[in-house]
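Below are the chains, spelled out letter by letter.
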Amino acid sequence: MDVEVIENSNKCARCNYCRVCPIYTVEGWESASPRGKLYTIKSLVNGEIDVDARVVKELFKCTTCGSCEVICQVEIPLINLWENFRAHLNSKGYILPVHKKLREKTFREWNPYGESREKRADWFKDLKNLTSTNSDLLYFAGCTASYRTLSIARDTVELFNKTGLDFNYAGVDEYCCGSPFLRTGQRDLAQKLFLKNYKKWKEMGIRRIVTSCAGCYRTIAKDYPKIAEKLDYDFDFEVLHTVQILDEIVDEIDFEDVDVKATYHDPCHLGRHMGVYEEPRRVIEKMGIELIEMEKNRENAFCCGAGGGVKSQFKELALAIGELRVKEALNTNADYLISCCPFCKLHISQSLNNFDKNINVLDIVEVVIRTLNK
Amino acid sequence: MEQLKNQFQLEVSKKFRRFDFHPVQRKLYSYDLSEPPKLLKRFLGIADVVIQPESKEEVYEILKIAKKYRMPVIPRGSATSAYGGVLPYKGGIVVDFTRLNDFEVDEDKKLLISGAGVVWWDVQKELVKRGLSLRVYPTSAPSSTVGGWIGQGGYGVGSLKYGSIAENVEWVEVVDFNGIGVKEPSKFVGLEGTTGLIVSAAIKLKDYDDDRALAFNVNIEDSIKLMSKSKAHTAFFYNDKYVELLKETRSLKIDDGNILLLTFESVSNTVSDGDEEVGELLWQDRFYPFRMRKISNLICVEVVLPIQKLIDFSKKIEKLPFIVMFSKTDALILILLTVQGEVKYSTWLQTMKLIKIAEKYNGKVYSPGLWFSYKSDKLLSNFEVLRSYKREVDEYNLLNPGKIFPFGPIHRLIKLADLVVR
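The residue numbering used here restarts from 1 in each chain and proceeds along that chain's sequence as written. All chains are assigned letters beginning with A, and all ligands numbers beginning with 1, in the order in which they are written. Since the coordinates come from a predicted model, pLDDT governs what is reported: local features require at least 70, and pairs of side-chain atoms require 80 or more to be given and counted, while whole-chain, interface and lining totals use all residues.

Caption draft 1: Just the domain arrangement of chain B, in detail. Residue and element names in this part refer to chain B. Delimitation of the domains relies on an automatic or database domain assignment. Segmentation of chain B into domains returns domain 1 (2-98) and domain 2 (211-365). On a C-alpha basis, the centres of domain 1 and domain 2 stand 35 Å from each other. Working definition of a contact: two residues with C-beta atoms, positioned from the backbone, lying within 7 Å. The interface of domain 1 with domain 2 comprises four residues on the first partner and six residues on the second. Here the side of domain 1 that touches domain 2 is composed, by residue class, of three nonpolar, no polar and one charged. Any residue outside Ala, Val, Leu, Ile, Met, Phe, Trp, Tyr, Cys, Pro, Asp, Glu, Lys and Arg is labelled polar, Gly included; the first ten of those are nonpolar and the last four are charged.

Caption draft 2: A look at the confidence of the model for chain B. Within a predicted model, pLDDT stands for the predictor's per-residue confidence, ranging from 0 to 100. In the predicted model, chain B carries a mean pLDDT of 95, and 99% of its residues have values of at least 70. Confidence estimates for the predicted assembly give a pTM of 0.96 and an ipTM of 0.96.

Caption draft 3: Quick look at unusual backbone geometry. Residues and elements named next belong to chain A. One non-glycine residue, asparagine 16, lies in the positive phi region at around 70 degrees. By definition, any uninterrupted DSSP run of H or I lasting at least four residues is a helix, any uninterrupted run of E lasting at least two residues is a strand, and each is numbered from the N terminus. By the secondary structure assignment, asparagine 16 is in the loop between α1 (3-11) and α2 (22-27). Positioned with a positive phi, glutamate 75 is a non-glycine residue whose angle comes to about 55 degrees. Among the secondary structure elements, glutamate 75 is positioned in the loop between α5 (67-71) and α6 (78-91). Judged by local crowding, glutamate 75 falls into the partly exposed class, with 14 C-beta atoms found within 10 Å. Buried, partly exposed and exposed are defined by the number of other C-beta atoms within 10 Å of a residue's own C-beta, namely 20 or more, between the two limits, and 12 or fewer respectively, with C-beta atoms placed from the backbone.

Caption draft 4: Broad picture of the sheet that holds strand β1 (residues 19-20) of chain B. Residue and element names in this part refer to chain B. Spatially, four strands are ordered β1-β2-β4-β3 in an open sheet, and the strand pairing comes out mixed. Edge positions in the open sheet fall to β1 and β3 (73-76), since each of these has one partner strand only. The pairing of β1 with strand β2 (residues 49-51) spans two bridges and is antiparallel. Residue phenylalanine 19 lies in a different strand from β2, and its bridge partner there is isoleucine 51. Only C-alpha atoms enter the line fits that serve as axes; for helices the fit covers just the stretch in contact. Angles between N-to-C directions range over 0 to 180 degrees. Helix α4 (residues 56-69) contacts β2, β3 and β4 (93-96) of the sheet and is inclined by roughly 175 degrees relative to β4. In this description, strands pair whenever DSSP reports at least two bridges between them.

Caption draft 5: Focus on the interface of chain B and chain A. Taken together, the contacts link 23 residues of chain B with 21 residues of chain A. The leading source of residues in the side of chain B that touches chain A is helix α2 (residues 23-28) of chain B, at five residues. Across the side of chain B that touches chain A, the residue classes break down as nine nonpolar, eight polar and six charged.

Caption draft 6: Geometry of the sheet that holds strand β14 (residues 297-306) of chain B. All names here are of chain B. Taken together, the seven strands give an open sheet; going across it, the order is β11-β13-β12-β15-β16-β14-β17, and neighbouring strands pair in antiparallel fashion. Looking at strand neighbours, the two that pair on one side only are β11 (211-216) and β17 (364-365), the edges of this open sheet. Where β11 meets strand β13 (residues 259-265), six bridges bridge the pair, whose relative direction is antiparallel. Counterpart to alanine 215 in the pairing with β13 is leucine 261. Together, β14, β15 (322-326) and β16 (330-339) form the strand contacts of helix α11 (residues 307-316), whose direction differs from that of β14 by roughly 135 degrees.

Caption draft 7: Inspection of the packing of helix α8 (residues 220-229) of chain B against α11 of chain B at higher detail. Residue and element names in this part refer to chain B. Packing of α8 against α11 brings their axes to within 10 Å, and their N-to-C directions diverge by 165 degrees. For the element pair α8 / α11, the angle class is roughly antiparallel. Every pair of crossing elements has a handedness; the one defined by α8 and α11 is right-handed. Taking contact as the criterion, the partners of Ile220, Glu221 and Ile224 in α8 are, on α11, Ile307, Leu310, Ile311 and Ser314. Angular relationships are summarised with four words: roughly parallel below 35 degrees, roughly antiparallel beyond 145, roughly perpendicular across 65 to 115, and oblique for the angles in between. Note on convention: the crossing is left-handed when the near helix lies turned anticlockwise from the far helix by less than a right angle, right-handed when the turn is clockwise.

Caption draft 8: Representation of the domain arrangement of chain A in the model. All names here are of chain A. Under the domain assignment, chain A is made up of domain 1 (3-94), domain 2 (98-246) and domain 3 (253-371). Inter-centroid distance (C-alpha atoms) of domain 1 to domain 3 is 27 Å. Contact with domain 1, which involves 14 residues of that partner, is made by 18 residues of domain 3. When residues of the side of domain 1 that touches domain 3 are traced back to their parent elements, those giving at least two are α2 and α5. When residues of the side of domain 1 that touches domain 3 are assigned to their parent elements, the largest contribution, four residues, is made by α2. Class assignment for the residues of the side of domain 1 that touches domain 3 results in eight nonpolar, five polar and one charged.

Pasting the structure below:
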């Protein structure tokens, strides 16, 4: 096992400040808390306890949101630790059933939803004329925007077009970035996906990649360079999230006057993982929207509950976390909940189902398109 | 025996919604912040079951079952103490109080009526919205619970002006084998649940006022003078060795040397020549004493002694990093010891040596808990009264056995070690 995992799990001061963890907030058992998980790992390493199905399940109850890492007094790099330990469990054959299914689906269709690879670019059929095959800027829609929240992808390319931004798109040759597999310890599959995307991008002459998805952004910007280094590949792409481009061009966009209030949900992979907090807020304010912060925001933002393989394997738990985030958003009395991640949008929208009160959940690009001066 | 165990499990399963018999969960509810050496670990049991009661009535049901099966009952909040108070030393039912987390505020009487599982800093945030504030809270407030600190006892932020937690509890609601009732707190604060399980408490509040923190580069003698004539609610003294560590681990831009931190309610602040920037940095850092652990494993030794003995005692420990938290009459000193590798028996002997030095200056260990229960008769002035009350309410010694009131081999082993330490 990774020596760092062992050393870091021993560092835990057991102060329990990591009780901010969304899983622990909902489940309330020590086994669900980061402190408890570290003690479990320590006990496993010392041979004091045995691995069984329950222990494995508890260790996978983590959205890898990183709120524990932010609060940790001894600054343990917890996101890496959880992913490394999950990779270790995988290497010993411990894989949860739904995560295994995602793996199988991805090997078949190159996306974890198991949707037909041939249909990946269906959202783009009537927008093909907007691309420029000469552009070295690639739009990477990601699996969720390609198959579930199509309007985000459509609005993004429409926005690029309206603002005169040339871009290219890989169509059915865009493959899952591998984020769900890196987060759940299935590194072999993530590496395979890296290779497929990388090859295509090189063929297309891509230099810059922009994505709508916070998870894809973290993976391509932070994990791909590490995989490339391991394989001795050059990784000379500039990687951006759509909101970073928006932040650069927002001053040149002509917006309608609007009289709405919005709150902003920081996606964990964009915020805590990549430090992008102010760009979306600047864009929202430039649109003339009144921004009302939720109580937990920026690096203390509460996770939506979907990441880290939790939504797929532990549906009810993911929804319970999502509902807590929705409650916080509803408490602001805002008209809109804006985010920068198709997966957060999808999950928060589903978490709203059990509430009487409503709030419009939109991606920031969708809001921009709706407020453009026609 | 097996049949009895099955019967117990069946009864727990029928009566409670939230319980867990899984061996890993039981292990996870069998630690606190202390790092006992292997020699002592051998004598420590683990929980037989963990139950999370959702009402005081459920707590009473737990006691009924405990009595029926002669099972120890160990109350647990966030387990952020290091005295072994929440360790299920002899096995038994660990009662996790975190679900008793409702509270209400009597704004007229300025009282917080809080469930035992409420986390101090969570409730403080709500109080501030109503223009009120806790008078005292522990330095582990972001995670520690109301019941946990009351059970543990001791000093915290605000204690210079408002005293210990004992002085800030109006009443406690307690469950024992006779039922549920509101009691006067003196037989329960600092007693680790050995005389009854605290399910709720009334805590004294004050009007909210912004805190203003000021730092002074002064030695311990001047710190005592400055602190005594100030109207601060909180005073911390950091010795130069501690400041060195702070700078190394936190990249704080502060001068070398000793520092006194005084924090005032802004209305009562009459001092103006301290350093506000450093004061604010240290004040923000008050909840994070463990940040030091990122550079090496550290253990903390906590002793309390009268303020007038502090100067002499501090000379004995000047080579070690330490912080002093002042109360009205006492100084709580937190001394840091660096540990290479795992905590060994010799580390504990070092700890005990420091306690012994403090005792020469009328000092004492901060809390008896499990590890120092053999000192309880000297630590608690009304020990005999408490012991007779314990016998009265806990015929079979099931309420957190081994804590406060010595029981079993551990206190004997540590007492033996105490005898050899010089």
